[in-house]
Structure formats: structure tokens, C-alpha cells
Amino acid sequence: IMKKVVACHLPQNCSISNVNALRQELTQLLSHKSKLTVTLNGVDVQKVDSAGIQILYAFVAALKAKGGQCKWVEPSTRLLKSAGLLGMARQLELP
């Protein structure tokens, strides 16, 4: 199985109001047949809540279960803070 690297630029709004669009984009990445390394760029994330964190965690867990891996690129302060407050920074593999 080939390894493939795919970049995903997270939107400014990773909250419940935008969670369906985010889930759709991430679910599409999981449909790849090859083992993926996904670089999640979180530099633009300004709004994130528990629903957004939950979607990101479900994605990271599903990606790992398929033998893939997640790498973060410039997660915003807001994303790091929210994940930290919810006790999810380690599970999301944030730096």
C-alpha cells in the first residue's frame, strides 16, 4: 500500500455552526485507499468549540486506525487553548 501525504487547511470557524462542512471534508480524506499522512494546517482557526474538537478527534482516531498519521502545521493559539481546556491536546496529537 502506498503512503500518500495530503494537506488539509482548517477553516477559521471550527465550531458547531460549521461542523458539518468540516466533517464532510475530513470524511472525504478518510475514503483514500492508501495510508495517509495528513497535515492539518490550523493557522487560521479563530473559533473552535467542543463540537469542532470532537470532529477533529474522531478524524485523528479514524486516520490512525487505518494506519495513517496526522501532522499539525501551525495550530492557532485558539485551537491549542481550546483543546487544552477540554483535555484533548494529547489525543489530537497537537504539538
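The structure this text deals with has already been given above.
Read on for a plain summary of the structure. (Residues numbered from 1 in each chain as written. Predicted model: local features only at pLDDT ≥ 70, side-chain atom pairs only at ≥ 80, totals over all residues. Heavy atoms only, no water.)

Digging into the overall build of the chain
Then comes step 1: A tally of helices and strands in the chain yields 3 helices and 5 strands.
Then comes step 2: In sequence order, the secondary structure elements of the chain are arranged as β-β-α-β-β-α-β-α.
Then comes step 3: Compactness check: the chain gives a C-alpha radius of gyration of 12 Å against a globular reference of 12 Å for 95 residues, within 12% of the reference.
Then comes step 4: Reported as C-alpha extents along the three principal axes, the dimensions of the chain are approximately 35 × 25 × 20 Å.
Then comes step 5: Here the chain holds 95 residues, and 40% of them are scored as buried.
Then comes step 6: Looking at the chain alone, contacts between residues at least 24 apart form 78% of all its contacts between residues at least 6 apart.
Then comes step 7: Counting only carbon and sulfur atoms, one obtains 54% of the accessible surface of the chain, whose full area is about 5500 Å².
Then comes step 8: For the chain, the distance from the average site of its 12 positive side-chain charges to the average site of its 5 negative ones is 9 Å. (Helix = DSSP H or I, 4+ residues; strand = E, 2+ residues; numbered from the N terminus. Rg over C-alpha atoms; globule rule 2.2 N^0.38 Å. Buried < 20%, exposed > 50% of the residue type's maximum accessible area, 1.4 Å probe, protein only. Contact = heavy atoms within 4.5 Å. Areas by Shrake-Rupley, 256 points an atom, 1.4 Å probe, with all protein chains shown as cover. Lys, Arg positive; Asp, Glu negative; His and termini not counted. Charge placed at Lys NZ, Arg CZ, Asp CG, Glu CD.)

Some points on the sheet that holds strand β1 (residues 3–9)
The strands making up a sheet are joined through hydrogen bonds of the backbone, oriented either antiparallel or parallel.
Then comes step 1: Read across the open sheet, the 3 strands follow the order β1-β3-β5; overall the sheet is parallel. Strands at the two margins of the open sheet, each flanked by one partner only, are β1 and β5 (69–73). The average angle at which neighbouring strand axes cross in this sheet is 20°, direction not considered.
Then comes step 2: Here β1 runs beside strand β3 (residues 35–41); their pairing, made up of 7 bridges, is parallel. Looking at the pairing, A7 lines up with T39 of β3.
Then comes step 3: Sitting on the sheet, helix α1 (residues 19–30) is in contact with β1 and β3, with an inclination near 175° to β1. (Pairing = 2+ DSSP bridges. Axes fitted to C-alpha atoms, helices over the stretch in contact; angles between N-to-C directions.)

As for the side chain of S76
Then comes step 1: With respect to the secondary-structure elements, S76 resides in the loop between β5 and α3 (77–85).
Then comes step 2: Taking the relative accessible area as the measure of exposure, S76 reaches 9% and is therefore buried.
Then comes step 3: Leave out the neighbours within four places in its chain, and S76 touches G42, V43 and V45.

A short note on the pattern of salt bridges
Then comes step 1: Summed over all chains, the structure comprises 1 salt bridge.
Then comes step 2: One salt bridge connects E93 with K64, and the closest N-O pair in it is separated by 2.8 Å. A residue pair is termed long-range when its members are at least 10 positions apart, and E93 in the segment after α3 and K64 in helix α2 (residues 50–65) qualify at 29 residues. (Salt bridge = Lys/Arg side-chain N within 4 Å of Asp/Glu carboxyl O.)

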